[in-house]
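# Architecture at a glance
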There are 2 protein chains.
Amino acid sequence: MIQTPYLLFLGDAPDQLAAKVAIGIKDWRPENAVAQFRMSGCGADLGIADMSLQEAKHAGAKTLVIGVANRGGVISEAWKTVLKEALAMGYDLASGLHNLLRDEADLVATAAKYGGQLHDVRVPSVQYPIANGKKRSGKRCLTVGTDCSVGKMYTAMAMDAEMRQRGLKSTFRATGQTGILITGGGVPLDAVIADFMAGSVEYLTPDNDADHWDHIEGQGSLFHVSYSGVTMALIHGGQPDALILGHEPTRSHMRGLPDYQQPSLEELRDMALALARVANPACQVVGISVNTQHMSEAEAKSYLAEVEERMGLPTVDPIRIGSGRLVDALMAL
Amino acid sequence: MIQTPYLLFLGDAPDQLAAKVAIGIKDWRPENAVAQFRMSGCGADLGIADMSLQEAKHAGAKTLVIGVANRGGVISEAWKTVLKEALAMGYDLASGLHNLLRDEADLVATAAKYGGQLHDVRVPSVQYPIANGKKRSGKRCLTVGTDCSVGKMYTAMAMDAEMRQRGLKSTFRATGQTGILITGGGVPLDAVIADFMAGSVEYLTPDNDADHWDHIEGQGSLFHVSYSGVTMALIHGGQPDALILGHEPTRSHMRGLPDYQQPSLEELRDMALALARVANPACQVVGISVNTQHMSEAEAKSYLAEVEERMGLPTVDPIRIGSGRLVDALMAL
């Protein structure tokens, strides 16, 4: 659908977390990331080449992907200057922002003038059903987090990659803009209408071979008051057989909510498992995925060992350590 | 906004539960319900006069309100024949269905021809914010149910009416089509985009006087896999100070989900309270509202007494018994 490779637009992202979309593409499909495009004041850096629109065009980039996720999603005038210049140069645009490219008259006009495509991957393209709760064949794994942006998608991507490397049946199921931009398909869950959320997850993870695992991309957190309803729909629509607990231990408060503290892994385990068993009484918590990117190697190893001892579950950072032990735990179910 | 009084269209509703919208209007604003209009095969009955379009028009009805809630929401051809006849007779139409009146070209054309209005109360009219989780002034009460359609709206309506009768500060906050049709305002929560659900509830229940209570209309159930995400958003966006547990004891399974059993009131209490305290650590479960409409007077009284003894909380059927003891419990907080 979307022409590759990409030039990844970081705009004036305030920090690295805000560039989650671009980072995901760079990490999981590096061959698609020709370069990054940063504006003045940009606080994010993918560690790949910075290029101008013209340079990236010469290097083969076909689509300018907006790799920045802002709360609420806004396409600023400063961004638009760049986006229109890109269209004039022959790029397509792709975006996962709430604020749609197709709703911006000047972008639509410019795209029409130069024959460029505007891809809004956040917009549902399907009329999803209301969830029916019927038990589906095949197996499903979902990562639930103590907070938003703790590495739930990375965990699912890593476990899927590990299973496929072992020759096992596995599919990554994208529920957010990054995953959809990376894999080319999925459900943009946070843009689905409330009544159809759980149904869209059922649609995304249909009947499958008994030994096939869907790795469903998690969203939000049961403990994040802005997005907990989305997480709930994933737990009930996904009817997971296995839950992975996701955690980022260096946060001082819940992301975007200065008055809220992260729950403990024990609280997350108990709450998520009780809710998951409504849809699938056989569900088990099988492991813990910790995002240790803000820790030293020694701190990370010590923290992982401490959590593993305390919780009695395989505990890894799938990026730093690998997800093999989580996959082992799935296979042992 | 919507012209009153109404003729309540029940169509070919399969059963009484499907006519929830019309029943709500008839019960809470009987002065607005001139009559009911039923088609052949209709399994619902409001216990008010049956009238033809012409008879109701002569009796003063201004708007034909579609008082039937179907799963998924469909406007059938059989319905349309009646709706177009009504428009031709000078009625406005109002509907809370997912399938919008404004999306039906023939209804739009007929309305335009005769100057009638099409009101789709389910469509959000506001760009809701993402929830910020900030503590708001004033008090909030939310009913959470063991299942859908157990009387959560009635409980909130009854408590609001009781408080206003006592001269206390109280507002019913509608989150569904019935409540919006009754009160003329609110948030059509099940039609809100996932990311903005909790924010829409914050918007609906803003800062208020310290001694003012919002009675927030509940939706779905944490234990109903089709709609649990909507319930979750109400619990976190509403940041309730008080929870009422809602229950309908005669169901053989969860509404629409034959493979799912209702949870116990204890399970509901523990799950809902733990989740509510994420947003409001002071939250308390203050009472239980049981829908005893399918029980005899003796069965109902015995059941209410048994639950009250078991749970240690004031337990009433607000319709059969009144909601006074629930309001007493709120005032005692």
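Residues numbered from 1 in each chain as written. Chains lettered and ligands numbered in written order. Predicted model: local features only at pLDDT ≥ 70, side-chain atom pairs only at ≥ 80, totals over all residues. Heavy atoms only, no water.

## A short note on the interface of chain A and chain B
- Contacts between the two partners involve 38 residues from chain A and, on the opposite side, 38 residues from chain B.
- At the boundary of chain A with chain B, total buried surface from both sides reaches about 3100 Å², with 63% on carbon and sulfur atoms.
- Between chain A and chain B we count zero salt bridges in total.
- Our enumeration of links across chain A and chain B arrives at ten residue pairs in polar contact (both at pLDDT 80 or more).
- Elements represented by at least two residues in the side of chain A that touches chain B include exactly α7 (197–204), α8 (228–238) and α9 (265–279) of chain A.
- In terms of residues, the side of chain A that touches chain B owes the most to one element, α8(A), which gives six residues.
- When the residues that make up the side of chain A that touches chain B are grouped by side-chain class, the tally is 24 nonpolar, ten polar and four charged. (Contact = heavy atoms within 4.5 Å. Buried area = accessible area lost by both parts, 1.4 Å probe. Salt bridge = Lys/Arg side-chain N within 4 Å of Asp/Glu carboxyl O. Polar contact = N/O pair within 3.5 Å; in protein donor to acceptor, adjacent residues only side chain to side chain. Helix = DSSP H or I, 4+ residues; strand = E, 2+ residues; numbered from the N terminus. Nonpolar A, V, L, I, M, F, W, Y, C, P; charged D, E, K, R; others polar.)

## Some points on the confidence of the model for chain A
- Chain-level pLDDT for chain A is 94 on average; 98% of the residues reach the 70-or-more range.
- Two numbers describe this predicted complex: its pTM, 0.86, and its ipTM, 0.85. (pLDDT = per-residue confidence, 0-100.)

## Structural notes on the relation of the copies chain A and chain B
- For these two chains of identical sequence, chain A goes onto chain B by a turn of 180 degrees and a shift of 0.1 Å along the axis, with RMSD 0.1 Å. Given the turn and translation reported, the copies of this chain are related as if by a two-fold rotation axis.
- When the interface residues of chain A are mapped onto chain B, 100% of them again fall at the interface, so both copies present the same face. (Least-squares fit on C-alpha atoms with pLDDT ≥ 70 in both.)

## Looking at the pattern of salt bridges
- Taken as a whole and assessed by the stated rule, the structure comprises 50 salt bridges over all chains.
- In this structure, R251(A) and D147(A) form a salt bridge, with 2.8 Å as the shortest nitrogen-oxygen distance. Of this pair, R251(A) sits in the loop between β9 (242–247) and α9 while D147(A) sits in the loop between β6 (139–145) and α5 (152–165), and the two are 104 residues apart along the sequence.
- Look at D147(A) and you get buried, because its relative accessible area is 0%.
- Among the ionic pairs, K26(B) bridges to D27(B), the shortest N-O distance being 2.9 Å.
- For K26(B), a relative accessible area of 21% corresponds to the partly exposed category.
- A single salt-bridge network, built from bridges that share partners, covers E77(A), K80(A), K84(A), E104(A) and D106(A). (Buried < 20%, exposed > 50% of the residue type's maximum accessible area, 1.4 Å probe, protein only.)

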